[in-house]
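Here is what each chain is made of, one letter per residue.
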Amino acid sequence: MTLAETRPRPGARLSLPAVMMVLASVAVMAVLVVAPLVTVFHDALSKGLGKYLDAIRGPDALAAMRLTLLVSGISVPLNAAFGVAAAWCIAKFEFRGKNLLLTLIDLPFSMSPVVSGLVWVLLFGAQGWFGTWLIDHDIKIIFATTGLVLATILVTFPFVARELIPLMQDQGADEEAAALTLGASGLTAFWKITLPNIRWALLYGVLLCNARAMGEFGAVSVVSGHIRGLTTTLPLHVEVLYNDYDFVGAFAAASLLASLGLVTLLLKTGLEWRHAGELAANRRP
Amino acid sequence: MTDQALPRPVQSGAAVPRRPRRSPWVEHSILPGFGLAMGFTLFYLGAIVILPLTALTALALRPWELGLSGVIHALTAPRVAAALKLSFGLSAVAALLNAPLGLLLAWTLSRYQFPGRRILDALVDLPFALPTAVAGIALTAIYAPNGPLGSLFARVGIKSAYSPVGIFIALVFIGLPFVVRSLQPVLQDLDREVEEAAQTLGANAVQRAVHVILPALAPSLISGVSLAFARAVGEYGSVVFIAGNLPMKTEIAPLLIVIKLEQYDYAGAAAVGLAMVAISFGALMAINTVQLLLAQRGKA
């Protein structure tokens, strides 16, 4: 294998070792990554389209979908607002403790999803810090929607911030400073300069945040209590059906989540191709 | 840190700009909004991350009145120790296997042009995009004794699903994108002239790989492997279905937290949770340091 042959050049013939490496890569991806995806749709449709449609139109499935939309509908905008605020501070200002702030923002990435659920039970569960107070005032957080939202927010906490911070650090504060010098108000500068500059990265972060929020399992599993039709999000619905040996139902619900994953992947790849220059961190996992 | 301490924007016309007072915390800037944005950032961070983690630490250390030794006592109980050993051990092995697999994929994707390359590239992110519970039941179906690959394993006498092998497969699946995505940008930026120079000087392909390419990749390879490891240690959804969940044998640490919570053993759950946060955070810090040293040596 000479070096000339290792350069990606359209139409160039690959050497034998190169062909073998390509085939090996395709084989690894097919067995490890693509096979599970195919299995989801195959098993969902294994008893026919009718059974599949029945499974995704059942009342519990519809309730799970509604709950999933509600939870991510609350969590994602909050994390997006946090991401913009944190990135504004970190990228546009110099202050003490910036590195500590960055580490703390990244911290949820290194936490197990189960721990992200556990901490809320320790705070608001029956025997948690605020447990007795909550029971006295008849407020339910654990085994209720609020708990699901809190767990989801913690798991998806850094997504938007981590996309925006490197990009806004690259862009600096010169454009906004120029606008302010010319008499624009701070809000005008933000709407007319900052937001257009970060819109694709913001969308990218929101996309990843939403995919994770809708698909989150471990954290919500801890705080949910698995009350059918009430506190089961779509991923928990999959688990409940699977443990009941309703495999068609489980894989049917799973196929909806897999489709969400595929659409996310498609949009994400599209953003990466079209707006690579405006996504500073487009290769970050 | 109050709003007053920070520079105000120059309001058009009516408002007279106040002279900014010097703050020891933030450098003077013409841009507004630092107080508001920082206030929200700190409040949100405090409520969502710091308060819960404080509760975790406090609850893990409190109930025994013995503090740290109580935690150690809880963690060395046979069932807990077995779960921690299984989680950290299998995650390490899976992350190590991700290194050659990730190298192969990253090399192929960034060095060769072939039909379907971009699709293959996009599919690398599938383990991120597929919700973990979905991946979990799908992997279980594939590797179950009657599944398409599980039956192949069974024929050679290997039990894949409901055994440590199944957990291992799920952890390799979940960690793969971390290694590929860490290596790809470095491989694309790697100066081909250095390789060409090595070739002109008579280095063969193996020598070039070992002496030229691998040293340049080492920091990002380590970082990718450590990210895969950290993710694998905490992974729950894609593992619980395939694991079998037998105490002492195939019970992972995150599942043990769930079980302890179901038994209302908050303190025990908190102890395992704190240990997991501490060990994976410590491991990441250690690996970051190694990576930094390697990067510095590479520059020198």
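Just so you know, these numbers come straight off a predicted model, no measurement behind them.

Reading the values: the criteria
Residues numbered from 1 in each chain as written. Chains lettered and ligands numbered in written order. Predicted model: local features only at pLDDT ≥ 70, side-chain atom pairs only at ≥ 80, totals over all residues. Heavy atoms only, no water. Helix = DSSP H or I, 4+ residues; strand = E, 2+ residues; numbered from the N terminus. Expected span 1.5 Å × (residues − 1). Buried < 20%, exposed > 50% of the residue type's maximum accessible area, 1.4 Å probe, protein only. Axes fitted to C-alpha atoms, helices over the stretch in contact; angles between N-to-C directions. Parallel < 35°, antiparallel > 145°, perpendicular 65-115°, else oblique. Left-handed = near helix turned anticlockwise from the far one by under 90°. Contact = heavy atoms within 4.5 Å. Nonpolar A, V, L, I, M, F, W, Y, C, P; charged D, E, K, R; others polar. Salt bridge = Lys/Arg side-chain N within 4 Å of Asp/Glu carboxyl O.

1. Some remarks on helix 6 (residues 132-143) of chain B
Part 1: Taking 1.5 Å of rise per residue, the 12 residues of helix 6 of chain B would be expected to cover 16 Å, and the 16 Å separating its terminal C-alpha atoms lies within 8% of that figure.
Part 2: Taking burial as the measure, the 12 residues of helix 6 of chain B include 11 buried ones, the bulk of the element.

2. Some points on the packing of helix 11 (residues 186-215) of chain A against helix 14 (residues 247-274) of chain A
Residues and elements named next belong to chain A.
Part 1: The contact between helix 11 and helix 14 brings their axes to 10 Å, and the two run at 165 degrees. Compared by their axis directions, helix 11 and helix 14 come out roughly antiparallel. In the packing of helix 11 onto helix 14, the handedness of the crossing is left-handed. In contact with W200, L203, Y204, L207, L208, A211, M214 and G215 of helix 11, helix 14 contributes L257, L260, T264, L267, K268, L271 and E272.
Part 2: Here the contact of helix 11 with helix 14 is composed, by residue class, of 11 nonpolar, two polar and two charged.

3. Focus: unusual backbone geometry
Residue and element names in this part refer to chain B.
Part 1: With phi around 55 degrees, N245 is a residue other than glycine that occupies positive phi space.
Part 2: Among the secondary structure elements, N245 is positioned in the loop between helix 11 (237-243) and helix 12 (253-262).
Part 3: Accessibility expressed as a relative area gives 27% for N245, which makes it partly exposed.
Part 4: Phi angles above zero are rare outside glycine, and M248 is one such case at about 75 degrees.
Part 5: Assignment of secondary structure puts M248 in the loop between helix 11 and helix 12.

4. A word on the pattern of salt bridges
Part 1: Under the counting rule described, the total for this entry stands at 13 salt bridges over all chains.
Part 2: One salt-bridge network, in which partners are shared between bridges, spans K268 and E272 of chain A together with D121, D125 and R181 of chain B.

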